[in-house]
Amino acid sequence: QIQKVISKSNGMLLLQSNCEDVAVHMRNTAIEKCGFHSHDASYPVVTSLDASTANMPKRALDYINMGGERAMGSGWSARPLLPHGGRTETEVACMLDEKPVHRCLLMTERGY
């Protein structure tokens, strides 16, 4: 189980997705079913994307309009958490397209 490995090494788990509903689901699952805890971001997400944003995919609009939980607050990072050279292909594409990446760090009881 990944939680045990991360706990033994005092590591942290980075979760990120360009789909807000996926990011929220992954985070909630890791916290509720795997024993992880949220790590407060240095630069938290303080505002959410408005559903009126013209550049927003239909999937995101549908999620917002149905009242889905938003990826915002102290547990969500507004800035990339990987060094510039370590960013994923998706993260770079989202940055170029000015689309959000929803990211959070999780830790175990023994974590930081």
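Look above for the structure.
What you see is a predicted model; the values in this text were computed from it and never measured. (Residues numbered from 1 in each chain as written. Predicted model: local features only at pLDDT ≥ 70, side-chain atom pairs only at ≥ 80, totals over all residues. Heavy atoms only, no water.)

1. Re the pattern of salt bridges
- All told, the structure shown has four salt bridges when counted by the stated rule.
- Glu91 is the salt-bridge partner of Arg103, the closest N and O atoms lying 3.0 Å from each other. Pair noted here: Arg103 is in strand β5 (residues 102–107) and Glu91 is in helix α4 (residues 89–96), with a separation of 12 residues, a long-range link.
- Overall, Glu91 belongs to the buried group, its relative accessible area being 4%. (Salt bridge = Lys/Arg side-chain N within 4 Å of Asp/Glu carboxyl O. Helix = DSSP H or I, 4+ residues; strand = E, 2+ residues; numbered from the N terminus. Buried < 20%, exposed > 50% of the residue type's maximum accessible area, 1.4 Å probe, protein only.)

2. Some points on the packing of aromatic side chains
- One pass over the full model with this rule turns up zero aromatic pairs.
- Against the face of Tyr43 rests Arg79, its NZ or CZ located 3.7 Å from the ring centre. (Phe/Tyr/Trp six-rings, centres within 6.5 Å; stacked < 30°, edge-to-face > 60°. Lys NZ or Arg CZ within 6 Å of the ring centre and 35° of its normal.)

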